[in-house]
Amino acid sequence: MCGIVGAIAGRNVVPILIEGLKRLEYRGYDSAGIAVLNGGLQRLRSTGRVVELEKIAGSLSATVGIAHTRWATHGVPSERNAHPHVSGGVSVVHNGIIENHDSMREELRGKGYKFASDTDTEVIAHLVHDHLRQGGPLFEAVRSATVELQGAYAIAVIDESDAGRIVVARHGAPLLLGLGVDENFAASDASALIQVTPRIIYLEDGDCAELSQSSLKIMDAFGNLVERRVHISQLSAASVELGQYKTFMQKEIFEQPMAVANTLEVVTSATALIPELFGARAGVIFKETNAVLILACGTSYHAGMVARYWLESLAGLPCNVEIASEYRYRESVSNPRCLVVTISQSGETADTLAALNFAKARGQENSLAICNVPESALIRSSDLRFLTRAGPEIGVASTKAFTTQLASLVLLAMVLAKVRGRLGKQWESEMLNSLRHLPAALTRVLGTEPQIVRWAECLAPHRHALFLGRGVHWPIAMEGALKLKEISYIHAEAYAAGELKHGPLALVDQDMPVFAIAPNDELLEKLKSNLQEVSARGGRLFVLADQDARLSEGSGTDVIRMPDHAGMLSPILHTIPLQMLAYHAAILRGNDVDKPRNLAKSVTVE
Ligand code: G6P
């Protein structure tokens, strides 16, 4: 979603701003813009890619500026709606949604302000301008303006009558500051500043900050001047660059053995599992836990769906998995002894954060975040946390975040099982052993790529596909269908295979490729009957099977044998071929897999 970069320095900041925008491109955007102060206010906007903006920025030079990538919410993607928005000499970039923009627009119109865009952001520009003309510095004008804003925002503001500062504020949308040597920066995420500084301050909700070239002032929501901790970002340039790969998604698919190994590093040399892997209070919290509620969106929701099978069968805990945007508006029955588990790659997904707050407000205080970003809002709002150590995920379609979430959730199920006396010593050490072998097994599955490419060639010309799985592999079928939709734009639906004859079988004919996940588990024979139903209707079957699954190829049935049978970890392995299938189908269709149309990586608005 929208990305913000701001810079104030003794040198030309335009290349810094453009580079920052390029590094934020992965968040998803449809237009981009930049505003700088060099004698007066200069603004450039483009509905193309950041490279287009870079071209028109040409010889632009300034020591103060703000820049933005926009993902349209209010107002179509167009140059007039692109940020920065201006009011007189004031210029604003904004991430989030201002909910009271309609009433504020009317009020500001009453004061003579004319609106040049359809955005909610433009009201911020006029509002700051209005406060500024009543006297006082930009910092006070921005603070007064934010008092009147309802909704979520991260903003950066400059004013041509005071070129020595940038003022930023955040409430419900991420924003951080970067500290350089005699230069300062602001951005939506640390990757935008990787080329200028590793020294980062994460602003808290309600903070307003003023950046000059050599100083920094932060005021909290209560008007107190505060110091915030400086973090040293661990991001390396290599981790957000392509290297030998053609796309970030391809890189991230192939990074999975390493990402899973990093995530499981905390247990690779352990002989026993301890609750404290999840935080200092985990021992106490897990003892009193009598149910689990998982809240997440998108791919992270699918990880939660898989985890339900593990938590119920291993730990014997009733587990409910809810789409965060639904849960937060639903009258559900709360249980104070329920552990609320949020799963999120970014830790900034607005619905997941709001769902967590909603769960807490209903007296469910014990929370655990499974998240890939250490300083994210989700991590900060949870009692317990487990970091997936996937490294930065740039491709919009989530891959390595998902498999590392699954690895973390297996650990959670094992620890909870142990706390509840359901994990014997022998089983614990066998499971730990399987986890140690998981990265190597993932590498072997990546070796099926040439066969998957052939499947993708068959799939790419089609407009629809079905994905089938049973039990714990049903959510993996859902994730496979989601990947395909996201990047290839082929319509795909996933079904628990037993449901086939209750409706979707009507769709099956030779134009409907059907992909099935068929490991040799207790449901295999049931699944085979479901697959017969497809074959009998002339459907083309593509089956992921174990070596010993007793499933044979024949006319209309293609089988790829998985190199390993991973028992409980099987869903993690079966994810990989489906990711590669979506990837190659999308490439064959000529799509931009890293930036699929209409989608954003980090959904920081409702
Ligand atoms: C967006 C992304 C998805 C992601 C979902 C949840 O829709 O495009 O890939 O699964 O948000 O994001 P989170 O960061 O909370 O896991």
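What you are looking at is a predicted structure, and each value in this text was computed from that prediction instead of being measured.

K.L.:
Outline the side chain of H231, supporting the account with residue identities and numerical values.
P.N.:
Residue placement: H231 occurs in strand β15 (residues 231-232). Those residues in contact with H231 that lie beyond four places of it in its chain are P198, R199, I200, Y202 and E375.

K.L.:
So what about the domain arrangement of the protein? Which residues, and what values?
P.N.:
Assigned domains of the protein: these are domain 1 (2-240), domain 2 (248-446) and domain 3 (449-588). A straight line from the C-alpha centre of domain 1 to that of domain 3 covers 46 Å.

K.L.:
Explain the state of the cysteines to me, and be specific about the residues and the numbers.
P.N.:
One pass over the full model with this rule turns up zero disulfides. Counting only cysteine sulfurs, C297 is the nearest neighbor of C371, a cysteine outside any disulfide, at a range of 12 Å.

K.L.:
Summarise the pattern of salt bridges; cite the residues concerned and give the values.
P.N.:
Under the criterion given, the structure shown has 30 salt bridges. Of the charged contacts, one joins D207 and R228 as a salt bridge, the two residues approaching to 2.8 Å between their closest N and O atoms. Residue D207 is found in the loop between β11 (199-202) and β12 (208-211), and its partner R228 is found in the loop between β14 (225-226) and β15; the two are separated by 21 residues along the sequence. Taking the relative accessible area as the measure of exposure, R228 reaches 22% and is therefore partly exposed. The residue E525 makes a salt bridge to K528 at a minimum N-O spacing of 3.3 Å.

K.L.:
Can you break down the site of the ligand residue by residue, with the values?
P.N.:
The local shell around the ligand holds 14 residues, among which S300, S344, Q345, S346 and T349 are the closest. Note that an oxygen atom of the ligand is positioned 2.6 Å from one of the side-chain N or O atoms of S346. In the environment of the ligand, an oxygen atom lies 2.9 Å from a nitrogen or oxygen atom belonging to the backbone of A600. Top contributing element to the shell around the ligand by residue count: helix α9 (residues 298-315), with three residues. Residues belonging to the shell around the ligand are distributed by class as follows: four nonpolar, eight polar and two charged.

K.L.:
Explain the nonpolar core to me, using residue names and the numbers behind them.
P.N.:
With 89 residues, the main nonpolar core has F286 and F467 as its most contacted residues. At 12 residues, the largest contribution of residues to this core is made by helix α13 (residues 400-419). Taken domain by domain, the makeup of this core includes at least three residues from each of domain 2 (248-446) and domain 3 (449-588). With residues up to four places along the chain from it excluded, the contact list for F467 reads A477, G480, A481, L484, A492, E493, A494, Y495, F515, L578 and L581.

K.L.:
I'd like a description of the packing of aromatic side chains, backed by residues and values.
P.N.:
Across all of its chains, the model carries eight aromatic pairs by this definition. Look at W455 and F542: their rings are 5.4 Å apart centre to centre, the planes differ by 70°, and that puts the pair in the edge-to-face class. On the criterion of sequence distance, the pair formed by W455 in helix α15 (residues 449-459) and F542 in strand β24 (residues 541-546) is long-range, its members being 87 residues apart. F542 carries the same exposure label as W455, and that label is buried. When the ring of F467 is compared with that of F515, the centres are 5.3 Å apart and the planes differ by 25°; the resulting orientation is stacked.

About the thresholds
- Residues numbered from 1 in each chain as written.
- Predicted model: local features only at pLDDT ≥ 70, side-chain atom pairs only at ≥ 80, totals over all residues.
- Heavy atoms only, no water.
- Helix = DSSP H or I, 4+ residues; strand = E, 2+ residues; numbered from the N terminus.
- Contact = heavy atoms within 4.5 Å.
- Domains from an automatic or database assignment.
- Disulfide = S-S within 2.5 Å.
- Salt bridge = Lys/Arg side-chain N within 4 Å of Asp/Glu carboxyl O.
- Buried < 20%, exposed > 50% of the residue type's maximum accessible area, 1.4 Å probe, protein only.
- Near = heavy atom within 4 Å.
- Polar contact = N/O pair within 3.5 Å; in protein donor to acceptor, adjacent residues only side chain to side chain.
- Nonpolar A, V, L, I, M, F, W, Y, C, P; charged D, E, K, R; others polar.
- Core = buried A, V, L, I, M, F, W, Y, C linked by side-chain atoms within 4.5 Å.
- Phe/Tyr/Trp six-rings, centres within 6.5 Å; stacked < 30°, edge-to-face > 60°.

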